[in-house]
Amino acid sequence: MSGLRDDTPMSQVVLHTDALDKSFTLHLQGGVRIPVLAGVGLDLQAGECVVLSGPSGVGKSTLMRSLYGNYRAEAGRILIRHHGAMVDLASADPRTILAIRHETLGYVSQFLRVVPRVPALDVVAEVLIGRGASQEAARQAATDLLLRLNIPRRLHGLPPATFSGGEQQRVNLARGFIGRHPVLLLDEPTASLDAENRSVVVAMINEAKRSGIAIIAICHDTDVRDAIADRLFPLMPLQDAA
Amino acid sequence: MTDDTLLSARGLSLSFGANDALVSVDVDLWPGEMLAVVGESGSGKTTLLNVLSGRLVPDAGAVWYRDPAGKLHDVHAMPAPELRTLHRSDWGFVHQDPKQNLRMNVTAGGNVGERLMAQGARHYGNIREQAIDWLHQVEIDANRVDDLPRTFSGGMLQRLQIARTLVTHPRLVFMDEPTGSLDVSVQARLLDLIRTLVTRLKIAAVLVTHDIGVARLLAHRIMVMQRGRVVETGLTDQVLDDPQHPYTQLLVSSVLQA
């Protein structure tokens, strides 16, 4: 699955990983080393959705978190198209990673983690306000997106901590989609959603793709996967270190 | 994005007798950035804050502050009056115990207005108006403006201290366990307030805390200290979710999951 196809113009590649390795060294467990990723080479083009596949525990979330800079890549490169240039996220300094996340790379995690007490609407609008949008414009965009995801207006002013799992996930999705980052990472975007909301999310993903947004997703729901994936990227289990 | 740091320190070392409080510590802080310093009690984090802010002189090393005109100042070589002026204008300090910063026999409005007057504001009406505006921003009712701080709760005192510190629009704020002495319910409110104000006013801050949850919610970058040394530093969520150093792993794994 790795390597560029000959007919692919390089200009369309928005993310490219090269010999990416990741292991964890657990110092509190006698320094045991757990290798998870070895030599991962992945290409992602604008407007395409790649779904990571493989059994549970194979490292799909680890790869996704490494791509976001949440985990530190041990070896290899993670090149991402940021402001027209390919920047290596694996060796970038913290401020560059934050700038990339701000403008270029979005991430919807499995669980919402926010400051307590902040209303759902502000959680979602914050992304745009951080980019200099007016309070009104950002809140209007956030309201539209929350309504589309079937979060009723009466919940918009409440902090999401009290919401159900599915509602929290939809707030998380709204926050991930509102910034229209050119590269979007989705970790189980529909895991706790009912059929109606699943189809809303599928429609949002397909619209994003049509507008040129590139997506990497982890998705165990085969119906959703078939509806969004252009191709699968299989991960193989590694042997545990001796 | 500018590459000029607001505050830089190199090779800071300080011993109290046989006790190494700081060992070759380097720090860089950029404008508008929140840097958290975490570690257990006695790891040197408050000492570091005091040295960075010029309140304590290191045995070795130096701290430079870049003023709004772009000129660098060696914080520990500055004449005392100049450093005091800096503390009253460009800088702010938020203590764990608000009583260290507030004057308990002066009204809430007076506490906020005093910092403006120290900067040269003289018009009583304007000062009072700004004081009330700031009380409002930290969610203290305007009708408490003439009350003495001793009638305030701990959370209100902390918010009053923040109003007093931020009223002069400092570029750099040092915070020592700002939520440390508060109930959890009050903490969340204060965290949200600090985050909102710091982001809106584009203030840079060095935040000392033993609570890595606080660091995660507020800080762009994090420094982990152990026995006076920086053992790990980087992007906050990366250091907390993928800690590399044994001590950071211990720190992260010791937190109770709520």
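Residues numbered from 1 in each chain as written. Chains lettered and ligands numbered in written order. Predicted model: local features only at pLDDT ≥ 70, side-chain atom pairs only at ≥ 80, totals over all residues. Heavy atoms only, no water.

On to the overall build of chain A, then. Within chain A one finds eight helices and 10 strands. In terms of overall dimensions, chain A has C-alpha extents of about 55 × 45 × 40 Å along its principal axes. Within chain A, buried positions represent 49% of all 242 residues. Sequence-distant contacts, at least 24 apart, represent 69% of the contacts inside chain A between residues at least 6 apart. Carbon and sulfur atoms form 51% of the exposed surface of chain A, whose accessible area is close to 10,900 Å². In chain A, which carries 25 positive and 25 negative side-chain charges, the distance between the mean positions of the two groups comes to 5 Å. (Helix = DSSP H or I, 4+ residues; strand = E, 2+ residues; numbered from the N terminus. Buried < 20%, exposed > 50% of the residue type's maximum accessible area, 1.4 Å probe, protein only. Contact = heavy atoms within 4.5 Å. Areas by Shrake-Rupley, 256 points an atom, 1.4 Å probe, with all protein chains shown as cover. Lys, Arg positive; Asp, Glu negative; His and termini not counted. Charge placed at Lys NZ, Arg CZ, Asp CG, Glu CD.)

Here we come to the sheet that holds strand β7 (residues 172–176) of chain B. Sheets are built from strands that pair by backbone hydrogen bonding, the pairs being arranged parallel or antiparallel. Residue and element names in this part refer to chain B. Judged by pairing direction, the sheet is mixed, and its six strands sit side by side in the order β6-β7-β8-β3-β9-β10 without closing on themselves. Single-partner strands in this sheet number two, and they are β6 (91–94) and β10 (229–235). On average, adjacent strands in this sheet sit at an angle of 15° to one another, irrespective of strand direction. (Pairing = 2+ DSSP bridges. Axes fitted to C-alpha atoms, helices over the stretch in contact; angles between N-to-C directions.)

A separate point is the state of the cysteines. Scanning all chains against the criterion turns up zero disulfides over all chains. Of the cysteine sulfurs around Cys49(A), a residue in no disulfide, the closest is that of Cys219(A), at 8.2 Å. (Disulfide = S-S within 2.5 Å.)

This part is about unusual backbone geometry. Residue and element names in this part refer to chain B. With a phi angle near 65°, Glu139 is a residue other than glycine that sits in the positive phi range. Within the secondary structure, Glu139 is located in the loop between α4 (124–137) and α5 (154–166). By relative accessible area, which is 32% here, Glu139 ends up partly exposed. In this structure, Lys202 takes a positive phi of about 55° despite not being glycine.

All names here are of chain A. Across the sheet, five strands lie side by side as β7-β8-β9-β4-β10; this open sheet has parallel pairing. Here the strands that pair on one side only, and so sit at the sheet edges, are β7 (105–108) and β10 (231–234). Taken over all neighbouring pairs, the strand axes of this sheet differ in orientation by 20° on average, direction set aside. Pairing geometry for β7 and strand β8 (residues 183–187), over four bridges, is parallel.

Another point: helix α1 (residues 45–52) of chain B. Residue and element names in this part refer to chain B. A large share of α1 lies buried, amounting to seven of its eight residues. Burial in α1 covers these residues: Lys45, Thr47, Leu48, Leu49, Asn50, Val51 and Leu52. Trailing α1 by a residue or two, Gly54 shows a phi angle of about 80°, which is positive.

Residues and elements named next belong to chain A. Mean pLDDT for chain A: 91, with 94% of residues reaching 70 or above. Per-element confidence in chain A ranges from a low mean pLDDT of 93 for helix α3 (residues 120–130) to a high of 98 for strand β9 (residues 214–218). Segment residues 1–10 is flagged for pLDDT under 50; beyond a separation of four residues in sequence, or across chains, it makes 13 contacts in the model. (pLDDT = per-residue confidence, 0-100.)

Residues and elements named next belong to chain B. Across seven bridges, the pairing between strand β1 (residues 7–16) and strand β2 (residues 19–29) is antiparallel. Bridge pairing in β2 places Leu14 opposite Leu22. Between β1 and the antiparallel strand that follows it, β2, lie two residues; Gly17 among them carries a positive phi value of about 65°.

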